[in-house]
Amino acid sequence: MLEPLLHQILPVKKQTRPPNWTKREILDGIFYQLKNGCNWEDLPKDLPPYSTV
């Protein structure tokens, strides 16, 4: 449901290598922070780094 919106918001760029994190993992990190209200630095280690999220 969100994928069409991401294509409108994010700029198109040439990918030279595969990304380290999927868009789903990044969204999971955002949703985790919103649900729990924790600091960005306190995201679990199984999610992408807070600087990526």
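Residues numbered from 1 in each chain as written. Predicted model: local features only at pLDDT ≥ 70, side-chain atom pairs only at ≥ 80, totals over all residues. Heavy atoms only, no water.

**Student:** Would you mind going over the overall build of the protein with me for this structure?
**Tutor:** Each helix and strand in the protein was counted, giving two helices and zero strands. Scaling as 2.2 N^0.38, a compact globule of 53 residues should have a C-alpha radius of gyration of about 10 Å, whereas the protein reaches 12 Å, well beyond that. Seen through its C-alpha atoms, the protein measures out along the principal axes to roughly 35 × 25 × 15 Å. When each of the 53 residues of the protein is scored for burial, the buried share is 15%. Of the accessible surface of the protein, which amounts to about 4900 Å², a share of 57% is contributed by carbon and sulfur atoms. Here the protein holds 7 positive side-chain charges and 6 negative ones, and the gap between their average locations is 9 Å. (Helix = DSSP H or I, 4+ residues; strand = E, 2+ residues; numbered from the N terminus. Rg over C-alpha atoms; globule rule 2.2 N^0.38 Å. Buried < 20%, exposed > 50% of the residue type's maximum accessible area, 1.4 Å probe, protein only. Areas by Shrake-Rupley, 256 points an atom, 1.4 Å probe, with all protein chains shown as cover. Lys, Arg positive; Asp, Glu negative; His and termini not counted. Charge placed at Lys NZ, Arg CZ, Asp CG, Glu CD.)

**Student:** How do you make sense of the pattern of salt bridges when you look at a structure like this?
**Tutor:** Where charged atoms from two side chains of opposite charge approach closely, those side chains can pair. Tallied over the entire structure, the rule returns one salt bridge. We note a salt bridge from Arg24 to Asp28, for which the minimum N-O separation is 3.1 Å. Taken together, the residues span about one helical turn, with Arg24 and Asp28 both in helix H2 (residues 23-36) at a distance of four residues. Given a relative accessible area of 56%, Arg24 falls into the exposed group. (Salt bridge = Lys/Arg side-chain N within 4 Å of Asp/Glu carboxyl O.)

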